[in-house]
Amino acid sequence: MALAAAIHGLKGHVGSQLGHSVARMFASAAAPIKVEVMPYKVHRIDAPSNIVETNVAELTDFYKLMYKMRRMEIAADMMYKAKFIRGFCHLYDGQEAVLTGIEAAITKQDSIITSYRDHCQHVSRGGSVLSLMAELMGKKEGATRGLGGSMHIYNRAGNFYGGNGIVGAQIPLGAGIALAHKYRGEKNVCITMYGDGAANQGQKYEALNMAGLWNLPVIFVCENNHYGMGTAEWRAAKSPNFYTRGDYIPGIKVDGMDVLAVKNAVAFAKAYSLENGPIVMEMDTYRYHGHSMSDPGSTYRTRDEINAMRTERDPIERVKKLLLSNGVDAGDLKKIEKEVKKEVDEAVEAAKTGTAPPAHWLWKNMYMDPAGAAMRGVLPGQYVVPEFDPTYAK
Amino acid sequence: MLASRNARVAAGHRAAAVPGLRTVPAVRSGRRALAAAKAQKKEIMMWEALREAIDEEMERDPTVCVMGEDVGHYGGSYKCTLGLYKKYGDMRVLDTPICENGFTGMGVGAAMTGLRPIVEGMNMGFLLLAFNQISNNCGMLHYTSGGQFKTPLVIRGPGGVGRQLGAEHSQRLESYFQSIPGVQLVACSTVRNAKALLKAAIRSDNPIIFFEHVLLYNVKGEAGDKDEVACLERAEVVREGADVSIFTYSRMRYVVMQAVNELVKKGYNPEVIDLISLKPFDMETISKSIKKTRKAIIVEECMKTGGIGASLSAVINESLFNELDHEVIRLSSQDVPTAYAYELEAATIVQSSQVVEAVERIVGGRVPAAV
C-alpha cells in the first residue's frame with residue numbers, strides 16, 4: 001500500500017532517475033529500522049526489550065491510520081459546534097497511538113471493548129468513517145442505526161464490543177469476553193480499555209480478581225490521560241501508578257504517545273496473556289480536547305500543558321519525523337494527508353445527507369423474537385409488536 | 001411553596017387566588033410590606049437556586065457537607081456547587097473518585113453518625129451502581145436498627161431525558177427507587193420550589209432522593225429567601241380548574257402547561273397538580289382535586305411499566321374509584337431505551353400534543369379504546 005503510493009509519487013521524477021529511485025524505494029520500504037523507545041516500567045514481570053523493529057511500510061500505515069483518527073475527531077468537533085452532532089461527544093485526539101499500537105499487535109479475532117471515547121475503535125476494527133459520522137449525526141446509516149449515538153458504537157463483525165456510557169462498566173464485560181474466549185478454546189485476548197478515572201471503580205477490582213483466579217486472557221489497558229473529567233489523577237487515586245494496581249497481576253507502563261512502544265508492549269502482553277492470564281497495561285497518554293465537547297478542558301489544566309504535549313509528544317508528529325528521517329519524501333506524506341482529509345470530508349458530507357431512522361425503529365430489537373408480545377404506547381389503547389433483526393449482519 | 005403561602009395567610013395577608021399572582025400587601029402591616037418591596041427578587045437559574053440552598057444550609061449547619069464527582073474544584077458538572085469549596089474547604093465539599101457505590105456508602109456511614117451529607121450523582125443513572133447502598137443501608141437502617149440510627153442524607157442529581165444524550169444517560173428512573181422502604185422521593189420543577197425543597201430535604205432527618213432534571217437547570221425564576229423552606233410531602237397546585245385533574249412532576253409540568261395553553265384556547269379548564277412528593281403521595285391534595293373534577297390524567301416521564309404513574313394510578317383507582325367518572329388515563333414514556341436520534345427520542349417521551357389529545361378524550365366524553 002505504502003509502496004504503491006511511493007511509486008506513484010515518483011512518476012513525477014525525471015525519467016532517467018526513475019528506475020534508480022524505484023529500486024531504492026523498494027528496498028527501503030521493507031528494510032528493518034530499529035527504534036529505541038522509552039524503557040518500560042514493570043510490576044511483577046520482566047520488561048520487554050525497548051528496541052523495536054519496524055519499517056517504512058508499517059510506519060506509513062500507522063501514519064495513515066492515526067491521521068485518519070485525528071481528522072475524524074476534528075471533524076466531529078466541527079460538526080458538534082455546527083450542531084449536527086448533539087448530546088455528549090468524547091474525542092480521542094492525542095490518544096491515537098494507543099489504539100493504533102494495540103491494533104498492530106493483535107488480530108481482528110481478538111476483541112476490544114472500551115468506554116464512551118470510542119469513535120476510533122469503530123474505524124480501527126473495520127468500520128467505515130461514513131458509518132461513524134452517520135451514527136454521530138443520528139442517521140439510520142450509522143454504526144448502530146442512529147439509536148446509540150456517540151457513546152454506543154458497536155461493531156460485531158470487527159469484534160468491537162462498544163461503546164459504554166457508564167464509567168468502568170466495560171471492565172467486567174471485558175473479563176467476560178475473555179472468559180468466553182477461554183471457554184471456547186480460542187487463542188484470543190480481550191483488550192479491555194478504560195481510563196484513569198475508571199481505575200478507581202470497584203468493579204475493576206472485582207474483574208481483576210476473577211481474571212486472576214481463572215487465568216482469563218484479558219489485557220486491562222488503562223489509558224491514563226491524567227484527568228477523570230475535571231479531576232486530576234493525583235486527586236482521585238491514592239496510587240496513580242495504575243500499572244501496579246492489579247497487585248498480584250503483573251503490569252507494564254508504556255509511553256502511550258509512541259505507537260511503536262505501544263505495539264511492542266501489547267504484542268508482549270498478548271503472548272503473556274494467552275499463556276498466563278491477565279495483565280495490566282498503563283498507557284501514559286493525553287487528550288487534547290476536554291473530557292467531552294461540554295467541557296472546555298482548560299479549567300483544570302493549563303493551556304501551556306496542552307501545547308507542550310502537542311509540540312513535544314504528539315504521536316502523529318513523532319511517526320512523521322521517523323518517516324522523514326528514513327528517506328520518505330515529505331510530498332508523499334502530504335499525499336496521504338490529502339487522501340485522508342478527502343475521505344473524512346466526503347464521509348461527513350455523505351452523513352449529513354443521511355436519513356433519520358424511521359419511527360417504527362423505536363421498537364426495533366427491544367427483544368429477540370418476542371413471540372407476539374405487544375408493548376404499550378404513550379396513549380392508552382396503543383399497542384406495538386416490536387420487530388427484531390434475525391441476523392446482525394449489516 | 002404552599003408552606004410559605006400558608007404562613008402568609010396565617011399572618012393575616014391576603015393570599016393570591018392563583019399562585020404566581022402578586023398580592024396587595026395589607027396597609028396595617030406597613031413595615032412588612034416595606035421589607036417585602038425592598039427585597040427585590042431577581043430572576044436566577046435553577047442551578048443557582050440549588051446552589052443557594054446548599055450554601056445557605058451549609059452556613060447554617062456545620063454538619064451539612066457535599067460529596068460527589070467534580071463537585072469541588074470543577075464546580076459541579078451542572079454548577080450546583082460552584083465555588084463552594086473555596087468557602088467551606090475540601091472536606092465539606094468533597095471531590096470523590098468515580099466510585100458511586102463507594103461514596104454513596106460513605107455518605108450513608110457518615111449520616112449514621114449524625115453528619116448530613118448531600119451525595120451528588122452526576123446523573124441519577126450512575127447511582128444505579130449504588131443501589132444496594134441506597135436500598136439496604138440508606139433506606140432500611142432506621143427501621144432495622146430499631147430506630148437507633150437515622151440516615152439524614154440527601155441524594156440528589158439530574159435524571160430524565162435530555163437532548164440526545166444516549167440511552168445510558170437518559171434514564172428516567174424515579175420508579176426504580178420508589179419501592180425502597182424508608183426513603184422519600186421528591187422531584188423539583190421550578191426555581192422557587194427547587195430551592196425551598198432542597199433546603200427542606202437537607203433539614204429533614206429522613207433520607208431524601210431529590211430528583212432534578214437535566215433540562216431544567218437553566219430555567220429562570222424567582223427563588224425564596226433563606227427562610228423559605230417547603231413542605232416535602234405537599235403537592236403544588238399549579239393551576240386550578242374544573243374539567244380534569246392532570247397530575248405531573250418535574251419537566252413534564254412544563255409540557256403539561258404548554259398543552260394547557262392550547263387547551264384553554266379550545267375552551268377547556270384543566271386543573272394541574274405538580275406532585276412534588278413522589279413518595280409518599282400527597283393524597284389530601286390529590287383526592288381534593290379528583291373529587292372536584294372527577295377525571296384524572298397522569299403525565300410523567302417515567303416508563304409505562306412500573307412508573308410513578310403506575311403507582312399513582314393504582315392508588316387513585318383503589319381509593320377514589322367512586323369519585324371517578326372515567327378511568328385514569330396515564331401518559332408515560334415508552335418502555336424502550338432512549339434512542340440517540342432526535343426523532344426517536346421525541347417519540348419516546350410524552351409530547352404536549354398527546355396531553356391535549358388525552359384531555360379531549362377524557363373530557364370530550366368519547367368512549368375510549370380498551371386499555
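Residues numbered from 1 in each chain as written. Chains lettered and ligands numbered in written order. Predicted model: local features only at pLDDT ≥ 70, side-chain atom pairs only at ≥ 80, totals over all residues. Heavy atoms only, no water.

1. Let's talk about the interface of chain B and chain A
With 46 residues of chain B at the contact, the number on the chain A side is 48 residues. Regarding the contact of chain B and chain A, the summed buried area is about 3,800 Å², with carbon and sulfur atoms giving 62% of it. Looking only at chain B, the three residues that lose the most surface to chain A are Y74, I98 and Y340 of chain B, adding up to 19% of its buried area. Our count for the contact surface shared by chain B and chain A stands at 1 salt bridge. With a closest N to O distance of 2.7 Å, D95 of chain B and R235 of chain A form a salt bridge. There are 16 residue pairs in polar contact (both at pLDDT 80 or more) connecting chain B and chain A. Secondary structure elements with two or more residues in the side of chain B that touches chain A: β14 (329-333), α13 (342-348) and α14 (352-363) of chain B. (Contact = heavy atoms within 4.5 Å. Buried area = accessible area lost by both parts, 1.4 Å probe. Salt bridge = Lys/Arg side-chain N within 4 Å of Asp/Glu carboxyl O. Polar contact = N/O pair within 3.5 Å; in protein donor to acceptor, adjacent residues only side chain to side chain. Helix = DSSP H or I, 4+ residues; strand = E, 2+ residues; numbered from the N terminus.)

2. Regarding the packing of helix α3 (residues 56-81) of chain A against helix α10 (residues 259-276) of chain A
Residues and elements named next belong to chain A. Packing of α3 against α10 brings their axes to within 11 Å, and their N-to-C directions diverge by 105 degrees. It follows that α3 is roughly perpendicular to α10 by the angle criterion. Between α3, through E58, L59, F62 and M66, and α10, the contact on the second element is made entirely by V259, L260 and K263. Its residues assigned to classes, the contact of α3 with α10 comprises 5 nonpolar, no polar and 2 charged. (Axes fitted to C-alpha atoms, helices over the stretch in contact; angles between N-to-C directions. Parallel < 35°, antiparallel > 145°, perpendicular 65-115°, else oblique. Nonpolar A, V, L, I, M, F, W, Y, C, P; charged D, E, K, R; others polar.)

3. Quick notes on the confidence of the model for chain A
With 92% of its residues at a pLDDT of 70 or more, chain A has an overall mean of 91. Scored below 50 in pLDDT, residues 4-23 of chain A makes 9 contacts in the model with residues more than four places away or belonging to other chains. (pLDDT = per-residue confidence, 0-100.)

4. A short note on the packing of helix α3 (residues 46-60) of chain B against helix α9 (residues 191-203) of chain B
Residue and element names in this part refer to chain B. Here α3 crosses α9 at 30 degrees, and the two axes come no closer than 8 Å. Here α3 is positioned roughly parallel relative to α9, judged by the angle of their axes. Between α3 and α9 the crossing geometry is right-handed. Of the residues in α9, those in contact with M46, A49, L50, E52, A53, I54, E56, E57 and R60 of α3 are V191, A194, K195, L198, K199, I202 and R203. Here the residues of the contact of α3 with α9 are counted per class, giving 9 nonpolar, no polar and 7 charged. (Left-handed = near helix turned anticlockwise from the far one by under 90°.)

5. Remarks on the nonpolar core
Formed by 72 residues in total, the largest nonpolar core has its most connected members in I102 and I191 of chain A. Counting residues per element, this core draws most heavily on α3 of chain A, which supplies 12 residues. If we skip the residues at most four places from it in the chain, I191 of chain A touches I102, I106, S111, I112, I113, I219, V221 and V266 of chain A. Of all hydrophobic cores here, the second largest spans 40 residues; its members include V108, A111, L278 and I286 of chain B. (Core = buried A, V, L, I, M, F, W, Y, C linked by side-chain atoms within 4.5 Å. Buried < 20%, exposed > 50% of the residue type's maximum accessible area, 1.4 Å probe, protein only.)

6. Some thoughts on the domain arrangement of chain A
Residue and element names in this part refer to chain A. Taken domain by domain, chain A comprises domain 1 (33-352) and domain 2 (358-394). Taking only C-alpha atoms into account, the centre of domain 1 sits 35 Å from that of domain 2. Between domain 1 and domain 2, roughly 590 Å² of surface is buried when both sides are summed, and carbon and sulfur atoms account for 59% of that area. The largest share of the area that domain 1 buries against domain 2 comes from K140, R145 and L147, three residues that together contribute 74% of it. At the junction of domain 1 with domain 2, the criterion picks out 0 salt bridges. Applying the counting criterion to the domain 1 and domain 2 interface returns 0 residue pairs in polar contact (both at pLDDT 80 or more). Residue composition of the side of domain 1 that touches domain 2, by class: 2 nonpolar, 1 polar and 4 charged. (Domains from an automatic or database assignment.)

7. Quick word on the domain arrangement of chain B
Residue and element names in this part refer to chain B. What the domain assignment lists for chain B is domain 1 (44-222) and domain 2 (236-364). Each partner contributes to the interface: domain 1 provides 31 residues, whereas domain 2 provides 30 residues. Both sides of the domain 1 and domain 2 interface together cover about 2,400 Å² of buried area, and 54% of this is carbon and sulfur. Three residues stand out in domain 1 for area buried against domain 2, namely Q164, R172 and Q178, and they jointly supply 31% of the buried area on that side.

8. Comments concerning the sheet that holds strand β5 (residues 190-195) of chain A
All names here are of chain A. In space, the 6 strands of this open sheet follow the order β2-β9-β10-β6-β5-β4, with mixed pairing throughout. Since the sheet does not close on itself, it has two edges, and those belong to β2 (41-43) and β4 (111-113), each with one partner. Averaged over all pairs of adjacent strands, the angle between strand axes in this sheet comes to 20 degrees, irrespective of strand direction. Bridge count between β2 and strand β9 (residues 251-255): 3 bridges; the pairing is antiparallel. Its bridge partner lying in β9, V42 is registered against I252. Its contacts with the sheet place α10 against β5, β6 (218-224), β9 and β10 (279-284), and it is angled at close to 170 degrees to β10. (Pairing = 2+ DSSP bridges.)

9. Points about the sheet that holds strand β3 (residues 93-95) of chain B
Residue and element names in this part refer to chain B. Here 7 strands make up an open sheet; going across it, the order is β3-β2-β4-β5-β7-β6-β12 and the pairing mixed. Each having just a single partner strand, β3 and β12 (277-279) make up the two edges of the open sheet. Adjacent strand axes in the sheet meet at a mean angle of 20 degrees when their direction is disregarded. Of the strands in this sheet, β2 (64-68), β4 (116-120) and β5 (154-159) touch helix α5 (residues 100-112), which is tilted by about 165 degrees from β4.

10. Here we look at the side chain of E223 of chain A
Residue and element names in this part refer to chain A. Position of E223 relative to the elements: it lies in strand β6. For the buried E223, no salt bridge is present, and the opposite-charge side chain at shortest range is R117, 6.7 Å distant. A polar contact of 2.6 Å, which involves the side chain of E223, links it to the side chain of Y92. Residues in contact with E223, not counting those within four places in the same chain, are Y92, Q95, V98, T114, M193, Y194, G195, D196, M283 and T285. (Lys, Arg positive; Asp, Glu negative; His and termini not counted.)

11. As for the pattern of salt bridges
All names here are of chain B. As enumerated under the stated definition, the model contains 46 salt bridges over all chains in all. R203 is paired through a salt bridge with E57; the nearest N and O atoms lie 3.0 Å apart. Here the residue R203 occupies a position in helix α9, and E57 occupies one in helix α3, the gap between them amounting to 146 residues. If you follow the salt bridges from partner to partner, you end up with E52, E56, E57, R60, K195, K199 and R203 in one network.

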